[in-house]
Amino acid sequence: MLKQDLRPKPVAIFPASFDPVTNGHLDLVSRARAVFDDLIVAVAENPDKRGMFSVGERLEMLEAVIGRQPGVRIVSFEGLLVDYARAVGARVVIRGLRAVVDFEYEFEMALMNKHLYPDLETLFMMTSQEYLYVSASRVKELVRFGGNVEDFVPSLVAARLAEKLRRP
Ligand code: PNS
């Protein structure tokens, strides 16, 4: 007879700046959601890094494009990710890896988080091929120089980016 697994279902956090959310982020959200029943999409508030969008605007865009989905929470947090993870009982952090250049940064961050909270596992998902070169910073640069970003972000986000250019 199979033993019943009584371990609590893991809560996973997908933390990022989301300044703004891209199609690459959304791809990770849906793939992480397929694996974890309880996923927290968490916007990191960093007082030292002024983004193009306020944290409130980032949350609003995430809520609009992800919508209400069972098992997905959209939040922001201040301070260390490990402290937030402990507070909400999360044991898994999801991060995407695009190319080799991401690796060193992600590896160091995962090791530091592991040092600070040994029970926290960072799981990396390889970015889907079509999003390999998509990043929020590249999208912002494209917009600044008049490029079309419709292929890389949801249309609502593209509209907000265009609006920011007109009224920074
Ligand atoms: O989208 P980003 O900017 O690559 O995301 C980086 C993020 C937000 C995941 C990372 O900077 C973070 O976890 N910030 C919270 C503060 C923290 O815990 N810093 C120590 C990480 S070793």
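This text follows the structure it describes.
Turning to the overall build of the protein chain, a few remarks are in order. Looking only at helices and strands, one finds six helices and five strands in the protein chain. When its helices and strands are written in sequence order, the protein chain yields β-α-β-α-β-α-β-α-β-α-α. On C-alpha atoms alone, the protein chain measures out to a radius of gyration of 17 Å, which is about the 15 Å that the 2.2 N^0.38 rule sets for 168 residues. Expressed along its principal axes, the backbone C-alpha trace of the protein chain runs to roughly 60 × 30 × 30 Å. Burial status across the protein chain gives 42% buried among its 168 residues. A sequence separation of at least 24 residues applies to 75% of the contacts in the protein chain between residues at least 6 apart. Counting only carbon and sulfur atoms, one obtains 54% of the accessible surface of the protein chain, whose full area is about 10,400 Å². The averaged location of the 23 negative side-chain charges in the protein chain is 2 Å from the averaged location of its 22 positive side-chain charges.

This structure, assessed with the given rule, holds 11 salt bridges. Linking Asp-38 and Arg-73 is a salt bridge whose minimum nitrogen-to-oxygen distance equals 3.0 Å. Placement of Asp-38 in strand E2 (residues 38–45) and of Arg-73 in strand E3 (residues 72–78) is noted, with a sequence separation of 35 residues between them. Since its relative accessible area comes to 23%, Asp-38 is described here as partly exposed. On the accessibility criterion, Arg-73 (37% relative accessible area) is partly exposed. Ionic pairing is found between Lys-164 and Glu-57, a salt bridge with its closest N-O pair at 3.3 Å. A residue pair is termed long-range when its members are at least 10 positions apart, and Lys-164 in helix H6 (residues 155–166) and Glu-57 in helix H2 (residues 55–66) qualify at 107 residues. Residue classification places Glu-57 among the partly exposed residues on the basis of a relative accessible area of 26%. Here the salt bridges share partners, and the residues they tie into one network are Asp-19, Arg-58 and Lys-140.

To continue, consider the site of the ligand. Among the 14 residues in the neighbourhood of the ligand, the closest are listed as Ser-17, Ala-44, Gly-79, Leu-81 and Arg-95. At 2.8 Å, a backbone N or O of Leu-81 approaches an oxygen atom of the ligand. Arg-95 places a side-chain nitrogen or oxygen 2.9 Å from an oxygen atom of the ligand. When the ligand is considered free in solution it has 540 Å² of accessible area, and contact with the protein chains removes 74% of it. Elements supplying a minimum of two residues to the shell around the ligand: strand E1 (11–16) and helix H4 (100–116).

The next thing to look at is empty space enclosed by the protein. Here the idea is plain: a probe the size of a water molecule rolls over the atoms and shows the empty space left. Under the counting rule described, the total for this entry stands at one cavity of 30 Å³ or more. One number sums up the size of the largest cavity: a volume of about 40 Å³. Forming the walls of the largest cavity are Leu-81, Val-93, Arg-95, Glu-106, Met-109, Ala-110, Asn-113, Thr-122 and Phe-124. Secondary structure elements with two or more residues in the lining of the largest cavity: strand E4 (92–97), H4 and strand E5 (121–126). It is H4 that contributes the most residues to the lining of the largest cavity, four residues altogether. A per-class count over the lining of the largest cavity returns five nonpolar, two polar and two charged.

Thresholds applied
- Residues numbered from 1 in each chain as written.
- Predicted model: local features only at pLDDT ≥ 70, side-chain atom pairs only at ≥ 80, totals over all residues.
- Heavy atoms only, no water.
- Helix = DSSP H or I, 4+ residues; strand = E, 2+ residues; numbered from the N terminus.
- Rg over C-alpha atoms; globule rule 2.2 N^0.38 Å.
- Buried < 20%, exposed > 50% of the residue type's maximum accessible area, 1.4 Å probe, protein only.
- Contact = heavy atoms within 4.5 Å.
- Areas by Shrake-Rupley, 256 points an atom, 1.4 Å probe, with all protein chains shown as cover.
- Lys, Arg positive; Asp, Glu negative; His and termini not counted.
- Charge placed at Lys NZ, Arg CZ, Asp CG, Glu CD.
- Salt bridge = Lys/Arg side-chain N within 4 Å of Asp/Glu carboxyl O.
- Near = heavy atom within 4 Å.
- Polar contact = N/O pair within 3.5 Å; in protein donor to acceptor, adjacent residues only side chain to side chain.
- 1 Å grid on protein atoms, 1.4 Å probe; cavity = no way out; pocket = protein on both sides within 12 Å on 5 of 7 lines; lining within 4 Å.
- Points joined across faces, edges and corners; volume = space filled by probe spheres on them.
- Nonpolar A, V, L, I, M, F, W, Y, C, P; charged D, E, K, R; others polar.

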